[in-house]
Amino acid sequence: MVLLRPLGCVAVDDDEGVIIEALLTGGAAHLSGKIAVGDCIEEVDGVRCQDVRHAADLISGANGTLLTVSVRQGGFEGGNSERVPMLRQPAARDAIDEEPVGVSAVLRVVQRGVKIDKVVPGGAVWLHGRLADGSTVMTGIDGANLVGGHFTAE
């Protein structure tokens, strides 16, 4: 799974090629209105994509520059292939510095706080990039310790 930052989508390698697995709201692919989850990325600027890493290399470039992505709607055996022009845009992950992160993860209360069991791909925690599966995300609230899901005065 690879975040194609200039397009604002997540893609994976499939036996047949590169498949879009998720769209990030407000990303270039989402805003185009012509690219959807399950579509196949066939070419970038006329160059056939070999795999998802190759697609990422082809898509990289200066923000605000034009690129054309050829996608086959519905995957390889799906509908028509369409050339979609769009502008490369900075990814939300690049814009986040020290701002708080909304939760888009499966959380679990443990003895010493709250841990992330699973980060949801494409969500705010995943885009932020500083937390991962197994990270402790909360040990206290407003100066009170959090033990086993309850506040204590430790």
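Go over the nonpolar core, please, and point to the residues and values.
Core analysis: the largest hydrophobic core is formed by 21 residues, its most contacted members being L4, L7, I41 and M86. The set of elements that each furnish at least two residues to this core consists of β1 (2–4), β2 (9–14), β3 (17–23), α1 (28–32), β4 (40–44), α2 (52–59), β6 (66–72) and β7 (81–87).

Break down the pattern of salt bridges for me, with residues and values.
Pairing of side chains with opposite charge becomes possible as their charged atoms draw close. Across all of its chains, the model carries three salt bridges by this definition. As a salt-bridge pair, E42 and R72 come within 3.0 Å of each other at their nearest N and O atoms. Of this pair, E42 sits in strand β4 while R72 sits in strand β6; the two residues are 30 residues apart in sequence, bridging distant segments of the chain. For the salt bridge of D45 with R88, the shortest nitrogen-to-oxygen distance reads 3.8 Å. Here R88 lies in the loop between β7 and α3 (92–95) and D45 lies in the loop between β4 and β5 (47–48), a separation of 43 residues in the sequence. Exposure remark for D45: the relative accessible area of 43% places this residue in the partly exposed category. Classification of R88 by relative accessible area gives buried; the value is 7%.

Please set out the state of the cysteines residue by residue, giving values where relevant.
With the rule as written, the count across this model stands at zero disulfides. Here C40 is not cross-linked by a disulfide; its sulfur's nearest cysteine counterpart is in C49, at 8.1 Å.

Describe α2, and please don't skip the residues or the numbers.
Three or more residues of α2 are buried, namely V52, H54, A55 and I59. Down the axis of α2, the buried side of the element spans an arc of 155 degrees, and every buried residue falls inside it. Turned more than 90 degrees from where α2 packs its buried face, R53 and D57 sit exposed. Among the structural elements, β1, β2, β3, β4, β5 and β6 are those in contact with the buried residues of α2. Of the residues flanking the start of α2, the one acting as N-cap is D51, its side-chain oxygen 3.2 Å from the backbone nitrogen of R53.

Lay out the confidence of the model for the protein chain with the relevant residues and their values.
Taken residue by residue, the protein chain gives an average pLDDT of 76. The fraction at 70 or more is 66%. Low pLDDT, under 50, characterises residues 93–101; the stretch is placed with 15 contacts to residues that sit more than four places away or in other chains.

So what's going on with the pairing of β2? Residues and values would help.
As paired strands, β1 and β2 are joined by three bridges and run antiparallel to one another. When the bridges of β2 are listed, V2 appears paired with A11. Hairpin connection between β1 and β2: a loop of four residues separates the two successive antiparallel strands, and G8 in this loop has a positive phi of roughly 70 degrees. Sheet topology places β2 next to β3; six bridges connect them, and they run antiparallel. In the strand pairing of β3, V10 is matched with A22.

Scoring rules and cut-offs
- Residues numbered from 1 in each chain as written.
- Predicted model: local features only at pLDDT ≥ 70, side-chain atom pairs only at ≥ 80, totals over all residues.
- Heavy atoms only, no water.
- Core = buried A, V, L, I, M, F, W, Y, C linked by side-chain atoms within 4.5 Å.
- Buried < 20%, exposed > 50% of the residue type's maximum accessible area, 1.4 Å probe, protein only.
- Helix = DSSP H or I, 4+ residues; strand = E, 2+ residues; numbered from the N terminus.
- Salt bridge = Lys/Arg side-chain N within 4 Å of Asp/Glu carboxyl O.
- Disulfide = S-S within 2.5 Å.
- Arc of directions from axis to C-beta.
- Contact = heavy atoms within 4.5 Å.
- Polar contact = N/O pair within 3.5 Å; in protein donor to acceptor, adjacent residues only side chain to side chain.
- pLDDT = per-residue confidence, 0-100.
- Pairing = 2+ DSSP bridges.

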